[in-house]
Amino acid sequence: MSETLVLHHYDASPYAEKIRLMLGWKGLHWQSLVSPPQPPRPKVDPLSGGYRRIPIAQIGADIFCDTFVIAQEVARMTDDPALDPEQVGGDGAEIIARAEGDVFFSAIASVSPLILLGTLLRTVGPLGMLRFARDRVGMMRDGTAKPPQGEAARSIMQNYLEDLEQRLAGREFLVGSEPSIADFSAFHPLWLHVASRRAPIDARYENLVRWYQRMEALGHGQRQEIARERAFEIASSAAPRALPAAGDNEQPIGRSVSVAPTDYGTVPVTGTLVAATPSRYIVARETDDFGTVHVHFPRRGFSLVEG
Ligand SMILES: N[C@@H](CCC(=O)N[C@@H](CS)C(=O)NCC(=O)O)C(=O)O
């Protein structure tokens, strides 16, 4: 099994930026396969079975959906528990939940619609913008997420900036003396906010600005672009790795299941449930092109139904 991580992503994706910076912090060599900012995604769908969000990571014939499990894999590969959302100490879990809840949506919704329009026009052009807007409206339709709008979003964003400014007083990183998953999670909605507003963070947030620059300076490690054929070859020439020993016997192991996010982008992936740990589902998919692949999902924020 190859231990090189392939990241399926696109450059403007903030959740992908969270992972790219983690790879940068660890100075890892990784492979990059870029997909478009909305489906269809023929370079990765055949591997994941249709999970619709980005990023997705691949190690051999194991496919990791959601940055929760991707971060756990980076933590494992680099033997750094501070990168694992389940093991991070201090206020880490609280910071992550906040950054990836209402704050994430507010990072965009707090930006003036005209400025946002300008950003989208510059990055994807008029047609791309229409395609993107239509896609994102559809993506939110079936989920439980209720993104804040207007004044509510602006106030969430401002409280977030103030909270981080205070937390960072007299310290370089949010938890401990080195970057942890709390920093990477706290960073990516701000990165989205800065890119969407096309303006830097207000200089009056001095601690925050310094931390933001420190995080940006971590870079992306050694990124190597690969073709879809190479990613497919990596999957077909590997067998999925051994399953975790500790299982949750309450779950329908060996049965046919569908797993989907509950909040947004609720497209299910179907296969056979081969393992369930307290935090993870692993679904085996039999494919003509790559043989068996194992697709990993976090349990939190995902539903599993039989059949
Ligand atoms: N909880 C997910 C959230 C991922 C997410 O929302 N990603 C955005 C891009 S940053 C997305 O997939 N948007 C829709 C899309 O790209 O199709 C994670 O941690 O990976």
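Conventions adopted
Residues numbered from 1 in each chain as written. Predicted model: local features only at pLDDT ≥ 70, side-chain atom pairs only at ≥ 80, totals over all residues. Helix = DSSP H or I, 4+ residues; strand = E, 2+ residues; numbered from the N terminus. Rg over C-alpha atoms; globule rule 2.2 N^0.38 Å. Contact = placed C-beta atoms within 7 Å. Buried ≥ 20, exposed ≤ 12 C-beta atoms within 10 Å, placed from the backbone. Domains from an automatic or database assignment. Nonpolar A, V, L, I, M, F, W, Y, C, P; charged D, E, K, R; others polar. Axes fitted to C-alpha atoms, helices over the stretch in contact; angles between N-to-C directions. Parallel < 35°, antiparallel > 145°, perpendicular 65-115°, else oblique. Left-handed = near helix turned anticlockwise from the far one by under 90°. Pairing = 2+ DSSP bridges. Right-handed = clockwise from strand over helix to strand, strands pointing away.

A.B. asks: Run through the overall build of the chain, naming residues and quoting values.
C.D. replies: Counting its secondary structure elements, the chain contains 10 helices and 10 strands. Against the compact-globule benchmark of 19 Å for 307 residues, the chain has a radius of gyration of 19 Å, which places it among compact chains. Along the longest, intermediate and shortest principal axes, the C-alpha atoms of the chain span 55 × 45 × 40 Å. Across the chain, every contact between residues at least 6 apart in sequence was considered, and the portion connecting residues at least 24 apart equals 71%.

A.B. asks: Let's hear about unusual backbone geometry: which residues, and what values?
C.D. replies: Pro-39 connects to Pro-40 through a cis peptide bond whose omega is 0°. Position of Pro-40 relative to the elements: it lies in the loop between strand S2 (29-34) and helix H2 (45-48). Of the consecutive residues Ile-54 and Pro-55, the connecting peptide bond is found in the cis state with omega at 5°. Within the element layout of this structure, Pro-55 appears in the loop between H2 and strand S3 (56-59). Phi angles above zero are rare outside glycine, and Asp-66 is one such case at about 90°. For Asp-79, which is not glycine, the phi dihedral falls at a positive 55°. Examined against the element boundaries, Asp-79 turns out to sit in the loop between helix H3 (67-78) and helix H4 (92-99). Taking the C-beta count within 10 Å as the criterion, Asp-79 has 8 such neighbours and is therefore assigned exposed.

A.B. asks: Which residues make up the domain arrangement of the chain, and what values do they have?
C.D. replies: Splitting the chain by domain gives domain 1 (6-83 + 222-306) and domain 2 (92-216). With centres defined by C-alpha atoms, the gap from domain 1 to domain 2 works out at 24 Å. Contacts between the two partners involve 18 residues from domain 1 and, on the opposite side, 24 residues from domain 2. When residues of the side of domain 1 that touches domain 2 are assigned to their parent elements, the largest contribution, seven residues, is made by helix H1 (residues 14-25). Across the side of domain 1 that touches domain 2, the residue classes tally to 11 nonpolar, four polar and three charged.

A.B. asks: Please set out the packing of H4 against helix H8 (residues 181-197) residue by residue, giving values where relevant.
C.D. replies: Between H4 and H8, the least distance of the axes is 9 Å, while the angle of their chain directions is 20°. By the criterion of interaxial angle, the relationship of H4 to H8 is roughly parallel. Regarding H4 and H8, the two cross each other, and that crossing is left-handed. Every residue of H8 that contacts H4 at Gly-92, Ile-95, Ile-96 and Ala-99 is listed here: Ile-181, Ala-182, Ser-185, Ala-186 and Pro-189. Here the residues of the contact of H4 with H8 sort into seven nonpolar, two polar and no charged.

A.B. asks: Explain the pairing of S2 residue by residue, including any values.
C.D. replies: Pairing of strand S1 (residues 6-9) with S2 involves four bridges; the strand directions are parallel. The partner of Val-6 across the bridge, within S2, is Gln-31. One crossover worth recording links S1 to the parallel S2 by way of H1, and it is right-handed. Bridge count between S2 and strand S5 (residues 222-225): four bridges; the pairing is parallel. What sits directly across from Trp-30, in S5, is Arg-223.

A.B. asks: Before we move on, can you summarise the packing of H1 against H3 with the specific residues and values?
C.D. replies: A packed helix pair is summarised by two numbers, namely the angle formed by the two axes and the spacing between the axes. In contact at an axis separation of 11 Å, H1 and H3 are set at 5° when each is read in the N-to-C sense. One finds that H1 runs roughly parallel with respect to H3. For the pair H1 and H3, contact is made by Tyr-15, Lys-18, Ile-19, Met-22 and Leu-23 and by Thr-67, Ile-70, Ala-71 and Val-74, respectively. For the contact of H1 with H3, the residue count by class is seven nonpolar, one polar and one charged.

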